[in-house]
Each structure stands twice: as C-alpha cells, then as structure tokens.
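Spelled out from the first residue to the last, the chains are:
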Amino acid sequence: MRPQRHAIYTTSRTPRYIVVWSVHWQIVETQVIAPMTDLAAAMASTIARLQGQGWRTESTADFGFTFLCKDGDRRLLTITARDPACGSLQSFNPFRAE
C-alpha cells in the first residue's frame, strides 16, 4: 500500500485560512487566503513576517503547520480549509445529545 500524502498546499477553489493559535486554542491572528492563491507562498510569507517580528519556527511547515516561539511564548501556525470563526463542532460526537 502506498503512503498517502495530504495535498495541503494544492491550489484550491475555496478560501483557506492561515491561523495563529495560542497554546490554549485561542485565535491570535487569522488571515483569509483567497481561492486560487499560491498557498505555499502565502504560508512562507506569513512565516517570514512572523520571523521578522522575532518569532522562531520550531520546524518546517511541510505539513501545513509549525510551532513558533518567542520570549517563552509558544504558538501554533496552521493553514486550514475550516473557518476558525465557525462555532460548529469540528468532529462527529456519537455521545452528544441532539
């Protein structure tokens, strides 16, 4: 069986979001990325901007995310198809009452 690879940076016909989260899953910053935008370039631009502000990446963003740290603070930078402002559940919960 071939390993599957997620196509995180594949050009999309729908908006994508670059989100910076605190370690407590609070949204620190959100950027809406327009459809048909070069997602890899958008993520690289965001990383460069944050590095210019003194943030250091802990890894590459090959899988659509990386952790950032600065002065003892740690954040998560992600690219996602899900609008982070959307309040609906992210996954199915068979135990949740309807």
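Residues numbered from 1 in each chain as written. Predicted model: local features only at pLDDT ≥ 70, side-chain atom pairs only at ≥ 80, totals over all residues. Heavy atoms only, no water.

### Description of the nonpolar core
Okay, step 1: With 13 residues, the main nonpolar core has Ile18, Met43, Leu50 and Leu77 as its most contacted residues.
Okay, step 2: Put simply, the parts of the chain that give this core at least two residues each are β1 (16-22), α1 (39-52) and β5 (73-80).
Okay, step 3: Tallying contributions element by element places α1 first for this core, with five residues.
Okay, step 4: Contacts of Leu50, omitting those with residues within four sequence positions, involve Val20, Glu29, Trp55, Leu68 and Leu77. (Core = buried A, V, L, I, M, F, W, Y, C linked by side-chain atoms within 4.5 Å. Buried < 20%, exposed > 50% of the residue type's maximum accessible area, 1.4 Å probe, protein only. Helix = DSSP H or I, 4+ residues; strand = E, 2+ residues; numbered from the N terminus. Contact = heavy atoms within 4.5 Å.)

### Thoughts on the pairing of strand β2 (residues 27-33)
Okay, step 1: Of the strand pairs in this sheet, β1 and β2 are connected by six bridges, and their pairing is antiparallel. Looking across to β2, one finds that Val20 is bridged to Glu29.
Okay, step 2: Connecting β1 to the next strand, β2, in antiparallel fashion are four residues, including Trp25 with a positive phi near 60°. (Pairing = 2+ DSSP bridges.)

### Description of the sheet that holds β5
Strand-to-strand pairing in sheets goes through backbone hydrogen bonds, with the strands running parallel or antiparallel.
Okay, step 1: The strand order across the open sheet formed by five strands is β2-β1-β5-β4-β3, and the pairing between neighbours is antiparallel. One side of each edge strand has no neighbouring strand; the edge strands of this open sheet are β2 and β3 (56-57).
Okay, step 2: Helix-sheet contacts for α1 involve β1, β2, β3, β4 (65-70) and β5, and the interaxial angle to β5 is about 165°. (Axes fitted to C-alpha atoms, helices over the stretch in contact; angles between N-to-C directions.)

### Notes on the environment of Thr11
Okay, step 1: Residue placement: Thr11 occurs in the segment before β1.
Okay, step 2: Considering only alpha carbons, one finds Thr11 and Ala40, 29 residues apart in sequence, at a separation of 9.1 Å.
Okay, step 3: With residues up to four places along the chain from it excluded, the contact list for Thr11 reads Met36 and Thr37.

### Observations regarding the pattern of salt bridges
Okay, step 1: Enumeration over the complete set of coordinates arrives at three salt bridges.
Okay, step 2: Between Arg49 and Glu29 there is a salt bridge, and its shortest N-O distance comes to 2.3 Å. Residue Arg49 is found in helix α1, and its partner Glu29 is found in strand β2; the two are separated by 20 residues along the sequence.
Okay, step 3: Judged by its relative accessible area of 34%, Arg49 falls in the partly exposed class.
Okay, step 4: Asp73 is the salt-bridge partner of Arg75, the closest N and O atoms lying 3.3 Å from each other.
Okay, step 5: The exposure class of Arg75 is partly exposed, given its relative accessible area of 22%.
Okay, step 6: The exposure class assigned to Asp73 is partly exposed, which follows from its relative accessible area of 31%. (Salt bridge = Lys/Arg side-chain N within 4 Å of Asp/Glu carboxyl O.)

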